[in-house]
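Read off the chains here:
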Amino acid sequence: MAAARDGRGWGPAIVMTIYLLFLLVPIYWLVNMSFKTNAEITGAVSLWPMNPTLDNYRVILTDPSWYMGYVNSLTYVVMNTVISLAVALPAAYAFSRYRFLGDRHLFFWLLTNRMAPPAVFALPFFQLYSAVGLFDTHVAVALAHCLFNVPLAVWILEGFMSGVPREIDETAYVDGYSFPRFFVRIFMPLIASGIGVAAFFCFMFSWVELLLSRTLTSVNAKPIAATMTRTVSASGLDWGVLAAAGVLTIVPGALVIWFVRNYIAKGFGLGRV
Amino acid sequence: MEKPVNNRAWFLVLPVLVLVAFSAVIPLMTVVNYSVQDTFGNNEFFWNGIGWFKEVLESDRVHAALGRQLLFSAIILAIEIPLGIFIALNMPRRGFWASLCLVLMALPLLIPWNVVGTIWQVFGRVDIGLLGHTLAAIGIDYNYVNDPVDAWATIIVMDVWHWTSLVALLCYAGLQSIPDAYYQAARIDQASRWGVFRFIELPKMSGVLLIAVLLRFMDSFMIYTEPFVVTGGGPGNATTFLSIDLVKMAIGQFDLGPAAAFSLIYFLVILLISWVFYTVMTAQREVP
């Protein structure tokens, strides 16, 4: 292991093991519960399922009121990611390449939206989207999440774009490329990893958010996260299904995290690391 | 290298401007509108001036929530920042183990916030949770539903669990930028471990560390979902932080006026901190 080469001994390995255990044990407990029957969960505490069962997952994957929650969440999350990237790409290019009237103020104003507490926006959003007839639609949630995802995407993309030398733009223009053609054919492939990272973080922050998505939906676009909270308060009993639903919400992030592992800090640091 | 001035760049930012104006400015104007008016129902509003602002600024309930919020954010920062630095210093530098650590550490950051709440709600229960059960088994009287101290402890441990990795990952990125030559020079000078940390690692991390502090402060300052799922703001009001209180006021009781005034004050505080954040970030960029 690297520890030995650094001459740091085994101390770091022990520290990391303890920390990772601290992180993983609560998640393991949820996974563990999701494979148990309710009788076993409430009966006795055991470190692994004595009679592993897939019934909890079967409930979720066969009951529309459960699995539609995932479909709804995925729908608005994907919509939000597409919208955020589509508007953020040209804006990030403008911020990274030009100075223009009010650019700094605009950049700052975008940041304040990323920092704005969703609680402040919950009620006005509810009224706004009710007024324009978008309440309980996927579009409403997708647009609402643009509040914090567009600024995030602009900041991350601007960080990546500033790493591309400006000579490339100039050469392309000299070669007779129009701006749109240059942007799509040459520039976007150059920052492909940046676009991927921005997409990942838009996807993620929209996926983990609950307050706005719950406020803006009732039935048709209800996200999985809201479906879960209702179940807890209504019965408070079906722990197995609740755990299985929780585990399934962790899966999307866990599946793609390996691909962005070298950019995690950049994404969470708003592109400024 | 100086960027060229080109006001036509405005066309490129126009879509963002329109979208964010729709999703931020219009709603905020509604809030401003409510904050200066009163109503007896029936959609009839009349001018109330700064009445609501006065009420909110003088309200014991808001003061108490603000006090809890500041205490919470302070505790969170005091634990997560040093712990995050410590973890970053102990992470493997490169190779497979470094990648594995990165991925596993990022895992809590990717879990939906209410599921984070659910995980800890279950984990801490005395009857079915490993943590609650273990504490009960070794004779500690632990009950986060009824005991304010236990509720606070649970929420703080949960937040440390959830977000320390963010601080660690940012610091780790800062550490990665230190060339090996620095360490070799330190070895030749026979610098102590503390000396290496104090004079090489800490200065190199200071930039990312500032970002980490500000991000953690902002996000903990508007925490809502996780404590809401675990304790619902209770027992009593013991864990009712600003956002929880605001949502209770706005959507629970539908007190539009006070809630709107509260929102604006809350937002101004955030604006102030954002400004500090922005100044720090842009200053950093222009130095190198």
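Residues numbered from 1 in each chain as written. Chains lettered and ligands numbered in written order. Predicted model: local features only at pLDDT ≥ 70, side-chain atom pairs only at ≥ 80, totals over all residues.

Caption draft 1: Examining the overall build of chain A more closely. The helix and strand tally for chain A stands at 15 helices and 0 strands. With respect to the three principal axes, the spread of C-alpha positions in chain A is 75 × 65 × 30 Å. Sequence separation of 24 or more characterises 78% of the internal contacts of chain A that already satisfy a separation of 6 or more. (Helix = DSSP H or I, 4+ residues; strand = E, 2+ residues; numbered from the N terminus. Contact = placed C-beta atoms within 7 Å.)

Caption draft 2: Broad picture of the overall build of chain B. In terms of helices and strands, chain B carries 12 helices and 2 strands. When the helices and strands of chain B are read in sequence order from the N terminus, they spell out α-β-β-α-α-α-α-α-α-α-α-α-α-α. If one aligns the C-alpha atoms of chain B with their principal axes, the spans along those axes are about 80 × 70 × 30 Å. Evaluated residue by residue, chain B yields a buried proportion of 42% over its 288 residues. Once local pairs closer than 6 in sequence are excluded, the contacts in chain B between residues at least 24 apart make up 69%. (Buried ≥ 20, exposed ≤ 12 C-beta atoms within 10 Å, placed from the backbone.)

Caption draft 3: Seen up close, the environment of A:Arg114. Residue and element names in this part refer to chain A. Along the chain, arginine 114 falls in helix α6 (residues 103-115). By C-beta crowding, arginine 114 is classed as buried, having 21 other C-beta atoms within 10 Å. Taking C-alpha positions, arginine 114 is 22 Å from threonine 75, a pair spaced 39 residues apart along the chain. If we ignore the near neighbours within four places in the chain, the residues touching arginine 114 are Phe148, Pro151 and Leu152.

Caption draft 4: Structural context of the packing of helix α2 (residues 11-34) of chain A against helix α14 (residues 239-256) of chain A. Residues and elements named next belong to chain A. Look at α2 against α14: their axes get within 7 Å of each other, and the N-to-C directions meet at 125°. Put simply, α2 runs oblique to α14. Crossing hand, α2 versus α14: left-handed. Taken together, the residues of α14 that come into contact with α2 (itself represented by Leu30, Val31, Met33 and Ser34) are Trp239, Gly240, Ala243, Ala244, Gly246 and Val247. For the contact of α2 with α14, the per-class residue count stands at 7 nonpolar, 3 polar and no charged. (Axes fitted to C-alpha atoms, helices over the stretch in contact; angles between N-to-C directions. Parallel < 35°, antiparallel > 145°, perpendicular 65-115°, else oblique. Left-handed = near helix turned anticlockwise from the far one by under 90°. Nonpolar A, V, L, I, M, F, W, Y, C, P; charged D, E, K, R; others polar.)

Caption draft 5: Structural view of helix α4 (residues 96-106) of chain B. For α4(B), every residue scored as buried is listed here: B:Cys101, B:Leu102, B:Met105 and B:Ala106. Down the axis of α4(B), the smallest arc covering the buried residues is 120°, so these residues share one side. On its buried face, α4(B) is in contact with α2 and α15 (264-268) of chain A together with α7 (148-176) of chain B. (Arc of directions from axis to C-beta.)

Caption draft 6: Region of interest: the interface of chain B and chain A. Chain B puts 79 residues into the contact, and the matching count from chain A is 80 residues. No other element matches the 13 residues that helix α1 (residues 10-35) of chain B contributes to the side of chain B that touches chain A. Residue classes in the side of chain B that touches chain A are distributed as 61 nonpolar, 14 polar and 4 charged.

Caption draft 7: Local environment of unusual backbone geometry. Not every positive phi belongs to a glycine, and A:Asp136 is a case in point at roughly 65°. With respect to the helices and strands, A:Asp136 occurs in the loop between α7 (118-131) and α8 (138-161). Despite not being glycine, B:Gln190 has its phi angle at roughly 55°, a positive value. Structurally, B:Gln190 is set in the loop between α8 (180-188) and α9 (193-221).

Caption draft 8: Structural view of the packing of α8(A) against helix α11 (residues 192-208) of chain A. Residue and element names in this part refer to chain A. α11 packs onto α8 with a crossing angle of 160° between their chain directions and a minimal axis gap of 9 Å. Taken together, the axes of α8 and α11 lie roughly antiparallel to each other. Classified by chirality, the crossing of α11 by α8 is right-handed. Contact residues: α8 offers His145, Phe148, Asn149, Leu152, Ala153, Ile156, Leu157, Phe160 and Met161, while α11 offers Gly194, Val197, Ala198, Phe201, Cys202, Phe205 and Ser206. For the contact of α8 with α11, a count of residues per class yields 12 nonpolar, 4 polar and no charged.

Caption draft 9: Structural detail: the nonpolar core. One finds A:Ala88, A:Val154, B:Leu169 and B:Leu170 to be the most contacted residues of the largest nonpolar core, which totals 161 residues. The leading source of residues in this core is α8(A), at 17 residues. (Core = buried A, V, L, I, M, F, W, Y, C linked by C-beta atoms within 7 Å.)

Caption draft 10: Up close: the confidence of the model for chain A. Summary statistics for chain A give a mean pLDDT of 85 and a share of 93% for residues scoring 70 or more. Confidence drops under a pLDDT of 50 for residues 1-5 of chain A, and excluding neighbours within four residues, the segment shows 14 contacts in the predicted structure. (pLDDT = per-residue confidence, 0-100.)

Caption draft 11: Structural view of the confidence of the model for chain B. Residue and element names in this part refer to chain B. Residue-level pLDDT values for chain B average 85, and 96% of them are 70 or greater. When pLDDT is averaged over each element of chain B, helix α3 (residues 60-90) comes out on top at 92 and strand β2 (residues 45-47) at the bottom at 74. Scoring of the predicted complex yields 0.86 for pTM and 0.84 for ipTM.

Caption draft 12: Seen up close, α6(A). An ideal rise of 1.5 Å per residue puts 18 Å on 13 residues; α6(A) measures up with 19 Å between its terminal C-alpha atoms. Within α6(A) the residues assigned to the buried category are A:Leu106, A:Leu110, A:Leu111, A:Asn113, A:Arg114 and A:Met115. (Expected span 1.5 Å × (residues − 1).)

Caption draft 13: Layout of the environment of B:Leu246. One can find B:Leu246 in helix α11 (residues 242-252). C-alpha of B:Leu246 to C-alpha of B:Ala65: the two residues are 181 residues apart in sequence and 9.5 Å apart in space. Contacts of B:Leu246, omitting those with residues within four sequence positions, involve A:Ala119, A:Val120, B:Ala259, B:Phe262, B:Ser263 and B:Tyr266.

Caption draft 14: Expanded view of the environment of A:Met16. When you line up the elements, A:Met16 lands in helix α2. Classification of A:Met16 as buried rests on a count of 20 C-beta atoms within 10 Å. In this structure A:Met16 touches B:Asn90, B:Met91 and B:Cys101, once residues within four positions along its chain are discounted.

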